[in-house]
Amino acid sequence: VQALHEYLQMDQQLSQLLQRKTKLEKEIKHYQTPHDIPEPQQLSKIRIFFTTLGVTIAALYIACALFGIYGSVMLCILLGGVVFSFIYTPIRYKKENAEASARFLSVERQYKEWEKGKRERLPILQNQLRQVMNDGRNLYQKFQNAKIRSVLHADYLSYSETILGYFNRGRVKDLHEAVNLLEQELRE
C-alpha cells in the first residue's frame, strides 16, 4: 500500500513538473521570438484630402444626376464639394493622427515591456527551466526505480490508483487479491 501511494505521488509530481516545464518553455519562447521596434505611422494630409474629395464629388455627382441637376448648379455643387474637402481634411487628419498616436503608444509600451522582460525575466526563466529539468530527471529516476515496479507487473501500473482504492476501502487484503479483483472488473 505504501509503495502504491509513493508511486502515485511521484506520478502526480512528474505531471506537475511537466506542466511547469511546458509553461516555462512557452514563456521563454515568447521572449526569444524577435519583435520589431515599433515605428510611428506617417499620415498624409494629401491622401486624406483626395480620398475625401473623391468620395464627396462622386456622391454629389450621383445626387445631381439622380435629381436631374445639370449645368452651372452642378458646377456649384461640385465646387462646394471641393470646399467641403478643404474644411473636412484637417478635422479628419487630427482624428486619424490621434488614433495612430494612441496605437503607437500602446505598441511601444508593449515592446518596452517585452524588451525589459527579455533582459530581466528571461535569465530567471531559463534558470527555473534548468532546475525543473534537473528535478524531473531525478524524480523520473526514482519513478523508474519505484519499489512497486518490483512487486507489481508493468501491465498493472496504470491501474495503481484503482488498486490502491481496493486496499483503502478494505476490498482486498493483499496484492494478489487486488490484481484478481482488477482482472475480474476489467472482464465485466
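Below or above, wherever it landed, is the structure these notes cover. (Residues numbered from 1 in each chain as written. Predicted model: local features only at pLDDT ≥ 70, side-chain atom pairs only at ≥ 80, totals over all residues. Heavy atoms only, no water.)

**Examining the overall build of the protein**
Next, step 1: For the protein, the helix and strand inventory stands at six helices and zero strands.
Next, step 2: Starting at the N terminus and walking to the C terminus, you meet the elements of the protein as α-α-α-α-α-α.
Next, step 3: Compactness check: the protein gives a C-alpha radius of gyration of 36 Å against a globular reference of 16 Å for 188 residues, more than 25% above the reference.
Next, step 4: Projected onto its principal axes, the C-alpha coordinates of the protein cover approximately 105 × 50 × 20 Å.
Next, step 5: Per-residue burial over the protein gives 28% buried out of 188 residues.
Next, step 6: The contacts of the protein with a sequence gap of at least 6 include a subset with a gap of at least 24, amounting to 74%.
Next, step 7: Surface accessibility of the protein: about 13,600 Å² in total, with carbon and sulfur atoms responsible for 56%.
Next, step 8: Of the charged side chains in the protein, 26 are positive and 20 negative, and the gap between their average positions amounts to 9 Å. (Helix = DSSP H or I, 4+ residues; strand = E, 2+ residues; numbered from the N terminus. Rg over C-alpha atoms; globule rule 2.2 N^0.38 Å. Buried < 20%, exposed > 50% of the residue type's maximum accessible area, 1.4 Å probe, protein only. Contact = heavy atoms within 4.5 Å. Areas by Shrake-Rupley, 256 points an atom, 1.4 Å probe, with all protein chains shown as cover. Lys, Arg positive; Asp, Glu negative; His and termini not counted. Charge placed at Lys NZ, Arg CZ, Asp CG, Glu CD.)

**With respect to the side chain of Thr-89**
Next, step 1: By the element assignment, Thr-89 lies in helix α3 (residues 72–144).
Next, step 2: Taking relative accessible area as the criterion, Thr-89 reaches 7% and is therefore assigned buried.
Next, step 3: From its side chain, Thr-89 meets the backbone oxygen of Ser-85 in a polar contact 2.6 Å long.
Next, step 4: Thr-89 has contacts with Lys-45, Ile-48 and Phe-49, leaving out every residue within four places of it along the chain. (Polar contact = N/O pair within 3.5 Å; in protein donor to acceptor, adjacent residues only side chain to side chain.)

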